[in-house]
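For reference, the chains in residue letters:
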Amino acid sequence: MRAVVMREHGGPEVLRVEEVSEPAPGYGEAVVRVAAVAVNRLDLWVREDVGHAYGATLPIVPGYDVAGEVVEVGEGVDGIAAGDPVYVHYDFSCGRCPYCLEGDEAACAEYGVMGVNRPGGYVERIVAPARNLFALPEPVSFETAAAAGSVYLTAYHMLFARAGLEAGETVLVTAAGSGVGGAAIALARFAGARVIATASSAEKRERALDAGVDHAVDYTQPGWGQDVRRLTGGRGVDLVVDHVGAAAVPEALTALANTGRIVFCGASSGPRVELDLIDLFARQISLIGSSDGSRRELWEVFRLLGEGLIDPPAIEAVLPLHEAAKAQELLATRAHYGRVLLAP
Ligand SMILES: [Zn+2]
């Protein structure tokens, strides 16, 4: 079978299609035919080895947002069978330690991530522990599941577990065209919040308005934080959902109401900002970090998608496996609105 194998760090040219051996399921494992795998910014960081931060083990097959059909199950697997449509959860952990039992797999000593230090999803078939498989409700397509997976889970954990979003609040979502941005818009609308989004181009702002945001603001204009304040009658927003980091946080803080909070799960434009601590305590602002999410939350995301209670993710493009480099470049240029997928 074919896989994209990355043998060295570098530019898109290091993503090469190779023939690799077929996976076989061990005890408690299943083999899944990959129908769709999303391309994520983390895939680019792992490829470029940004700050050596991700400890990727080479050679590796990249990619971690996988949906497909079970084709074979190993010994000791019940409750899942060949033919079942599934999402393959990307967190690998022991499943037995106190952290795992609490649903906090990221703290497990055996924690690993598909496509980073475990074989990933840019491949025709993948093997995974059966406990990583989430059965997809009937109406959720493979493309929707792969496109939603990690970003809807991340946004769900940010909005509800970390930031405690309540109905009637006003939420500012930065970078509406990004995967997490689109997910945060869908989930904040589901929660009964009023949503303002930022986007760089008129076309993206139009698409954000089509996705149901109340206002779309141009973040390339200096002083856009004040524009957001004006849209709330001068009060400011209750919550900012951000993963842009340095390029967005100063204006986002301007846009925040007194006692407001900003929750962030990334810093794609850079990690360092200057903060005025007097302003933060005087206005009682909360800065909240958030990372990943729990299996219970992922289960909830697929239930909400299955029942049609949240909007599915926008999908910009679905490309064949041999165009993995092109797919990653599409993400790098930020020309996309929504998710870019590979269909092996
Ligand atoms: Zn564990």
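The structure this text deals with has already been given above.
Calculation criteria
- Residues numbered from 1 in each chain as written.
- Predicted model: local features only at pLDDT ≥ 70, side-chain atom pairs only at ≥ 80, totals over all residues.
- Buried ≥ 20, exposed ≤ 12 C-beta atoms within 10 Å, placed from the backbone.
- Helix = DSSP H or I, 4+ residues; strand = E, 2+ residues; numbered from the N terminus.
- Pairing = 2+ DSSP bridges.
- Right-handed = clockwise from strand over helix to strand, strands pointing away.
- Axes fitted to C-alpha atoms, helices over the stretch in contact; angles between N-to-C directions.
- Parallel < 35°, antiparallel > 145°, perpendicular 65-115°, else oblique.
- Contact = placed C-beta atoms within 7 Å.
- Nonpolar A, V, L, I, M, F, W, Y, C, P; charged D, E, K, R; others polar.

Participant: Provide a residue-level description of the pairing of strand E13 (residues 237-242), including the pertinent values.
Facilitator: Summarising burial for E13: six of the six residues are buried, a large majority. Both strand E10 (residues 170-173) and E13 contribute to a ladder of three bridges, which runs parallel. The residue bridging Val173 from the neighbouring strand is Val241, located in E13. The sheet contact formed by E13 and strand E14 (residues 256-264) spans five bridges and is parallel. Residue Val237 lies in a different strand from E14, and its bridge partner there is Leu256. What joins E13 to E14 is helix H7 (residues 249-255), and the crossover it makes is right-handed.

Participant: I'd like a description of the packing of helix H1 (residues 41-48) against helix H10 (residues 324-332), backed by residues and values.
Facilitator: At a minimum axis distance of 10 Å, the contact between H1 and H10 shows a crossing angle of 105°. Considering their axes alone, H1 and H10 lie roughly perpendicular with respect to each other. On the side of H1, the interface is formed by Arg41, Asp43, Leu44 and Arg47, while H10 contributes Gln328, Leu331 and Ala332. Along the lines of polarity and charge, the residues of the contact of H1 with H10 split into three nonpolar, one polar and three charged.

Participant: So what's going on with unusual backbone geometry? Residues and values would help.
Facilitator: Residue Pro59 is bonded to the preceding Leu58 through a cis peptide linkage, with omega at -5°. Looking at the secondary structure, you find Pro59 in the loop between H1 and strand E4 (65-73). Unlike most non-glycine residues, Ala175 shows phi in positive territory, near 55°. Secondary-structure assignment places Ala175 in the loop between E10 and helix H4 (179-190).

Participant: Summarise the sheet that holds E14; cite the residues concerned and give the values.
Facilitator: Spatially, six strands are ordered E12-E11-E10-E13-E14-E15 in an open sheet, and the strand pairing comes out parallel. Strands with a single pairing partner mark the edges of an open sheet, and in this sheet they are strand E12 (215-218) and strand E15 (286-289). Each strand of the sheet is rotated relative to its neighbour by a mean of 20°, with strand direction disregarded. Each of E10, strand E11 (194-199), E12 and E13 touches helix H6 (residues 224-231); the most contacted strand, E12, lies at about 160° to it.

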